[in-house]
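Structural features, examined
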Amino acid sequence: MKFLTTLVLALCAMLVLSCAPAASPAATSAPAAATSAATRAATSASATTSAATVAATTAATTAASAAEIKLTMICRCVIGGVSANTAQWLTTYVIPNFQNQMKQQGKNVTMTLTQFGGSDEEQKQRYALDLKAGKGEDVMDFDGFWVPEFAAGGLLKPIDTVYPDNKNWEGWQHISKATQSIMAYQGKNYGAPRGVDVRVIWYRKDIFKAAGLPDPWQPKSWDEMLDAARKIKAAKPDVTPIQLDAGTAMGEATTLQGYYMALLGTGSNPFNFDTSKYIVRGQPILDTLNFYKKIYLDEKLGDARLQLLKDGRDRTFVLFRDGQLAMYVEGDFLWRSVLASGANKLENRDQLVGWAKMPAQSPGKGYNKQDFVTVSGGGGYVVNPNSKNAAEAWAFIASAYSKTSLDEFQKIEPRIRSRDDVPVPNEPVMTALAKEVQPITTKRPEDAAYSTVVSPQIQLMTERVVSGEMTPQQAMDAFAKAVTDAVGATKVEDAK
């Protein structure tokens, strides 16, 4: 209003002057003075306008700063520690690249990574507490076998619910339905998978040579595995011949790297996918438990104490790295991550470490009548249903799992990725695993009872055997009762 009033007065003064009659020269000072006043008024009005513009610009800048979107992510990865390659990829490529992408879209987004260095079980506990409290990072690195439990408990929601526009992501067309199922429950996707893995026998070539064993080595039965272990024990008494994960302290590693890999060799599976029932009794389970007993108690070819320690798996990694363990049944994680980077890096890994497929109990007796067996797991990223920035959180996942980003990751850690347009580059071992082992794999059931009841009971059953607490028969009977009581008689059956 002040600006308008000033401007009107100035215009009126100029109008009066233009309409006045000509005066004598002595009177010329009056119109000059009026003109000067009008000029000053206009200048004042211009200054007022400029001030208003500056104020508006300042306000807009302040508003833009207030619109900053702060995202958080958590992974079990630490620079220089566990999954060091993942931490490196995220911090040096994915996060900076994503923030630039957002900037090009006119968004001020920053991503902060929480590097979690605890165990898998500790990570799972943290997630459960955070999600129950309505908290947690926006993007969470999730093990696929946790999804059914968290989804059934209402702690996770399908990605179509959290962010429906995920369907437009180009990546889905490059990820098979089977691979998508890693992060699914009851036919619904809860996140995007990063890749799949397989399990084999890893062995130390130097120890094998000292024991007079061949390289390459490929056992065709459990007996041939045990024969190799016996020769190592005789030639290198200070070396542990073999470790097959067992016990509760090892957590899911026991179930997947240990029990599954042995039981599949008997032709059975912990879960019957045709009947949707858990197998809780039968000769295959007894044969598997007796295999454990022979390794750890009867012939002492393995170190039972390691299976009972909280940090037993980490200690096993160190023993293998240092040449104190000859054979270890593990996932490709051992090759591409544990021995490739971080605290347990083995500088001459390629020259010292070999691999062999896990044989069936005897040729042709394995699951699906196979000669060799394996099982696959995997994980990926999910959007926390408590996130206030679901669109940006999904945009981060889409960016991380783009072909360009995963190709970049392959330079650091070559492995079997989820996308069919991301090959394994210049890595003979991972290429061979993808070609020879992945086609014969199976997977864990998409059932919440698996992670809450069945897997923990499997771990306890194996612990009771390797510790000498129970015989294989007693341990199996206790396992059958506990699982049946928990899930109901209609969801269990004996091995056929």
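See the structure printed just above.
This report concerns the structure included in the present document.

Quick notes on the rules
- Residues numbered from 1 in each chain as written.
- Predicted model: local features only at pLDDT ≥ 70, side-chain atom pairs only at ≥ 80, totals over all residues.
- Heavy atoms only, no water.
- Helix = DSSP H or I, 4+ residues; strand = E, 2+ residues; numbered from the N terminus.
- Buried < 20%, exposed > 50% of the residue type's maximum accessible area, 1.4 Å probe, protein only.
- Contact = heavy atoms within 4.5 Å.
- Areas by Shrake-Rupley, 256 points an atom, 1.4 Å probe, with all protein chains shown as cover.
- Disulfide = S-S within 2.5 Å.
- Axes fitted to C-alpha atoms, helices over the stretch in contact; angles between N-to-C directions.
- Left-handed = near helix turned anticlockwise from the far one by under 90°.
- Nonpolar A, V, L, I, M, F, W, Y, C, P; charged D, E, K, R; others polar.
- Pairing = 2+ DSSP bridges.
- Core = buried A, V, L, I, M, F, W, Y, C linked by side-chain atoms within 4.5 Å.
- Polar contact = N/O pair within 3.5 Å; in protein donor to acceptor, adjacent residues only side chain to side chain.
- Parallel < 35°, antiparallel > 145°, perpendicular 65-115°, else oblique.

Helix and strand counts for the protein chain stand at 19 helices and 17 strands. Relative to its full complement of 496 residues, the protein chain shows a buried share of 51%. Counting contacts in the protein chain only where the partners sit at least 6 residues apart, residues at least 24 apart contribute 73% of the total. Approximately 22,000 Å² of the protein chain is accessible, and the part contributed by carbon and sulfur atoms is 54%.

Now for the state of the cysteines. Inspection of every chain in the model, using the stated rule, returns one disulfide. A sulfur-sulfur separation of 1.7 Å characterises the disulfide bridge that pairs Cys 75 with Cys 77. For Cys 75, a relative accessible area of 0% translates into the label buried. Taking relative accessible area as the criterion, Cys 77 reaches 0% and is therefore assigned buried.

In this section: the packing of helix H10 (residues 252-263) against helix H11 (residues 283-298). Axis separation between H10 and H11 bottoms out at 8 Å; the angle between their running directions is 115°. Here H10 and H11 pass one another in a crossing that is right-handed. In contact with Thr 254, Gly 258, Tyr 259, Ala 262 and Leu 263 of H10, H11 contributes Pro 284, Ile 285, Thr 288, Phe 291 and Tyr 292. Within the contact of H10 with H11, the residues separate by chemical class into seven nonpolar, three polar and no charged.

Turning our attention to the pairing of strand E11 (residues 325-331). Burial within E11 is extensive, with seven of its seven residues counted as buried. Relative to E11, strand E7 (residues 199-204) runs antiparallel, the two sharing five bridges. Counterpart to Val 200 in the pairing with E11 is Glu 330. Where strand E8 (residues 240-243) lies against E11, three bridges are found, and the strand directions are parallel. The partner of Ile 242 across the bridge, within E11, is Met 327.

Right, let's talk about the nonpolar core for a bit. Judged by nonpolar contacts, the single largest core of 103 residues is most densely connected at Phe 142, Trp 202 and Met 327. Ranked by the residues each element gives to this core, the list is headed by helix H18 (residues 448-466), at nine residues. Ranked by size, the runner-up nonpolar core spans 36 residues in total, among them Trp 89, Val 109, Met 111 and Val 139.

The subject of this paragraph is the sheet that holds strand E16 (residues 441-443). Within the open sheet, the three strands sit side by side as E13-E14-E16. Their pairing is mixed. For this open sheet the edge positions go to strand E13 (358-359) and E16, each flanked by a neighbour on one side alone. Pairing geometry for strand E14 (residues 372-376) and E16, over three bridges, is parallel. Counted as the bridge partner of Thr 374 is Thr 441 from E16. Where H10 meets the sheet, its contacts fall on E13, E14 and E16, and the angle it forms with E14 comes to roughly 145°.

Attention now goes to the environment of Lys 300. Within the element layout of this structure, Lys 300 appears in the loop between H11 and helix H12 (312-321). A residue is classified by how much of its surface remains accessible, and Lys 300, at 53% relative accessible area, is exposed. Along the primary structure Lys 300 and Ile 242 are separated by 58 residues, whereas in three dimensions their C-alpha atoms are 9.5 Å apart. A distance of 3.3 Å separates a polar atom in the side chain of Lys 300 from the backbone oxygen of Leu 297.

Direction vectors running N to C along H18 and helix H19 (residues 472-487) enclose 165°, while the axes themselves pass 9 Å from each other. Regarding the angle of H18 to H19, the classification is roughly antiparallel. For the crossing formed where H18 meets H19, the hand is right-handed. Seen from H18, the contacting residues are Ala 449, Val 453, Val 454, Gln 457, Ile 458, Met 461, Arg 464 and Val 465; seen from H19, they are Pro 472, Ala 475, Met 476, Ala 478, Phe 479, Ala 482, Val 483, Ala 486 and Val 487.

No statement about biological role is implied by the geometric values presented.
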